[in-house]
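Remarks on the overall topology
What follows is the residue order along each chain.
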Amino acid sequence: MTTEPTARSRPREALGDPHLRRLVVGQGLAAVVDALFLVWLTLFVLELSEPGFATGLVLVAVALPRAALLLPAGVLVDRLGPARITAAAAWLRVAVLLALGLLVTLTSPSVTTVALLAGLLGAADAAYFPAALALLPAVVPTGKLARVNALVQGAESGGDLIGPAVAAGAIAAVGFEATLGVIAAMAALAAAVLSTLIRVVRRGDGARDDADPDAFDSEQLSSARALGAGLRYAWHEPLVRGMLAAIALINIAVVGPVLVGGAVLADQRLGGAGSLGVVLSGFGAGSLAGSLMAGWRPPARRGWTVVGGVAAIGAGVAGLAAVSHVITATAVVSLVGLGSAFLGVVVVATLQERVPSQLLGRVMSLIVLVTVAFDPFSYVLAGALLPYGTTTLFLVSGSAVLACAALVATSPAIRSLR
């Protein structure tokens, strides 16, 4: 296996190499584009039709191809290399944004047309996300993975934090067409920067020889068998299996209760539905802080950090059961965001270091899948518990995450991580 990081340099030292700077700029800019475009898309569909089914249709059109194609995309990443797939997916995003821009400028597109183009963006996302995660270890030295992950995820958290205000303000100032043009230009810049890394990364560079190539090399297997090999590896490797299970349970127990239960909580106890925006901004601020903290001082005992991160999320969700003021609720949700982001940096960096390079695309696609695929189940859970009150909802959900922290602590593979 790869050696573990030993460097304790400050975050800015992670960007001493120009290749690393291009990686961080390209992926960070792509994350900001995602945040801005999601707000643009939602507001544009609301402009085309009344709130309700149409908005849901377009958002589902993005989500379904992304979830359905993630695992096949992981095979493609391992077969063709993460740099090529990252660049191709980034340019596909640009093409779709330009096509949408032409439609918006020259015609009055229907909701169905917008949904179809949004589906192409979802397909591009399915390829981009695992490829971008698998690209980092091919460019970034092992000792700097946590710091570079922190910078990229920090850009994503920053985009989520300021994206709604920036996108809405730009639309109000210059209109939908010009705002989309700026977003497309940013996406093109991100794609151009990421494309320069294709020459830097060659298939096999930095590959780790801790696995049998004949067992995992995608080029020797059909796509279905290659996917099966990746799934078997994830199931039989205790570290990967444990982290995937923890991420899945956290998403089920947190996403729905915080969004659905948070809206009800805001209406009932925090002074009205408008306070929900303030509370969710606390989550974004906490996420940004958690990402930067993870990069500033990577933990020496990763296993117990993972346990502590899961426990912090559980404690924050359970704590929402007792809040009665918007400031308190914002502080508690900030704790959830901080724990989630810190945990995300540690988990992703750990897997990037330890998973064989021949399988990294498939494992990263699984990580992304369990991050997004269980959202509907989380909403169902929230809906089932809400009739018993928000106190019950948050206590049950938070307790489930705290129980997950206890189970993670019993795993030798995770507990012994350094």
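Presented here is an overview of the structure given in this document. Only a predicted model underlies this, so the values are computations on that prediction, with no experimental measurement involved. (Residues numbered from 1 in each chain as written. Predicted model: local features only at pLDDT ≥ 70, side-chain atom pairs only at ≥ 80, totals over all residues. Heavy atoms only, no water.)

**Describing the overall build of the protein**
- Scanning the protein from terminus to terminus reveals 15 helices and 0 strands.
- Sorting the 418 residues of the protein into buried and exposed places 51% on the buried side.
- In the protein, the share of contacts with a sequence separation of at least 24, taken over all contacts with a separation of at least 6, comes to 86%.
- When the accessible area of the protein is evaluated, it comes to approximately 17400 Å², of which 69% is carbon and sulfur surface. (Helix = DSSP H or I, 4+ residues; strand = E, 2+ residues; numbered from the N terminus. Buried < 20%, exposed > 50% of the residue type's maximum accessible area, 1.4 Å probe, protein only. Contact = heavy atoms within 4.5 Å. Areas by Shrake-Rupley, 256 points an atom, 1.4 Å probe, with all protein chains shown as cover.)

**Re the nonpolar core**
- Ranked by internal contacts, the top residues of the largest apolar core, which has 123 residues, are Phe37, Trp40, Leu41 and Leu97.
- When residues of this core are assigned to their parent elements, the largest contribution, 16 residues, is made by helix H4 (residues 111-139).
- In contact with Leu41, other than residues within four places in its own chain, are Val58, Val62, Val114 and Ala118. (Core = buried A, V, L, I, M, F, W, Y, C linked by side-chain atoms within 4.5 Å.)

**Observations regarding helix H14 (residues 390-409)**
- Compared with an ideal rise of 1.5 Å per residue, which puts 20 residues at 28 Å, H14 spans 29 Å between its outermost C-alpha atoms and is within 8% of the ideal.
- Looking at H14, one finds that the buried residues are Thr390, Leu393, Phe394, Ser397, Gly398, Val401, Cys404, Ala405, Val408 and Ala409. Relative to the axis of H14, the buried residues are bounded by an arc of 145° and lie together on one face.
- If you follow the buried residues of H14, they end up packed against helix H8 (238-269), helix H10 (302-319), helix H13 (375-385) and helix H15 (412-415). (Expected span 1.5 Å × (residues − 1). Arc of directions from axis to C-beta.)

**Considering helix H12 (residues 360-372)**
- Its 13 residues place the ends of H12 19 Å apart at the C-alpha level, agreeing with the 18 Å of an ideal helix rising 1.5 Å per residue.
- Most of H12 sits out of view: 11 of its 13 residues are buried.
- Along H12, the residues classified as buried are Leu360, Gly361, Arg362, Val363, Met364, Ser365, Leu366, Ile367, Val368, Leu369 and Val370.

**Topic: the packing of helix H1 (residues 18-48) against helix H3 (residues 82-106)**
- Orientation of H1 relative to H3, taken along the N-to-C sense of each, is 30°, at an axis distance of 13 Å. In terms of their interaxial angle, H1 and H3 are classed as roughly parallel. The two elements H1 and H3 meet at a crossing, and its hand is left-handed. For the pair H1 and H3, the contacting residues are Ala30, Val33, Asp34, Phe37, Trp40 and Phe44 in the first and Arg93, Leu97, Leu100 and Val104 in the second.
- Of the residues belonging to the contact of H1 with H3, the class tally is 8 nonpolar, no polar and 2 charged. (Axes fitted to C-alpha atoms, helices over the stretch in contact; angles between N-to-C directions. Parallel < 35°, antiparallel > 145°, perpendicular 65-115°, else oblique. Left-handed = near helix turned anticlockwise from the far one by under 90°. Nonpolar A, V, L, I, M, F, W, Y, C, P; charged D, E, K, R; others polar.)

**Things to note about a nonpolar patch on the surface**
- A contiguous nonpolar patch, built from Leu161, Ile162 and Val166 and spanning about 240 Å² of accessible area, is present on the exposed surface.
- Along the chain, Ile162 falls in helix H5 (residues 145-195). (Patch = residues over 30% accessible without salt bridge, like charges linked within 9 Å, V, L, I, M, F, W, Y side chains within 5 Å. Salt bridge = Lys/Arg side-chain N within 4 Å of Asp/Glu carboxyl O.)

**Some thoughts on the packing of aromatic side chains**
- Throughout the structure, instances matching the rule amount to 6 aromatic pairs.
- Ring geometry for Trp40 versus Phe44: centroids 4.8 Å apart, planes at 15°, classification stacked. Residue Trp40 and its partner Phe44 are located together in helix H1, separated by 4 residues, close to a single helical turn. Like Phe44, Trp40 is buried.
- For the pair Phe374 and Phe377, a centre-to-centre distance of 6.0 Å together with 45° between the ring planes defines the contact as tilted. (Phe/Tyr/Trp six-rings, centres within 6.5 Å; stacked < 30°, edge-to-face > 60°.)

**Looking at the side chain of Ser378**
- Relative to the assigned elements, Ser378 resides in helix H13.
- Here the side chain of Ser378 touches Gly256 through a polar contact of 2.5 Å, landing on its backbone nitrogen.
- Sequence-distant contacts of Ser378, defined by excluding residues within four places in its chain, comprise Asn251, Ile252, Ala253, Val254, Val255, Gly256 and Pro257. (Polar contact = N/O pair within 3.5 Å; in protein donor to acceptor, adjacent residues only side chain to side chain.)

**Some remarks on the side chain of Thr390**
- Examined against the element boundaries, Thr390 turns out to sit in helix H14.
- Separated by 3.0 Å, the side chains of Thr390 and Arg269 make a polar contact.
- Leave out the neighbours within four places in its chain, and Thr390 touches Gly261, Val264, Leu265, Gln268 and Arg269.

**Description of the pattern of salt bridges**
- Tallied over the full model, the rule gives 5 salt bridges.
- Here Asp34 and Arg93 are joined by a salt bridge, their closest N and O atoms 3.2 Å apart. Taken together, the positions of Asp34 in helix H1 and Arg93 in helix H3 put the pair 59 residues apart, joining distant regions of the chain.
- The exposure class of Asp34 is partly exposed, given its relative accessible area of 26%.
- Between Asp125 and Arg93 there is a salt bridge; the shortest N-O distance is 2.8 Å. A residue pair is termed long-range when its members are at least 10 positions apart, and Asp125 in helix H4 and Arg93 in helix H3 qualify at 32 residues. In this structure, Asp125 and Arg93 share a single accessibility class: buried.
- Several salt bridges share partner residues, and in doing so they unite Asp34, Arg66, Arg93 and Asp125 into one network.

All quantities given are derived from atomic positions and should not be read as evidence of function.
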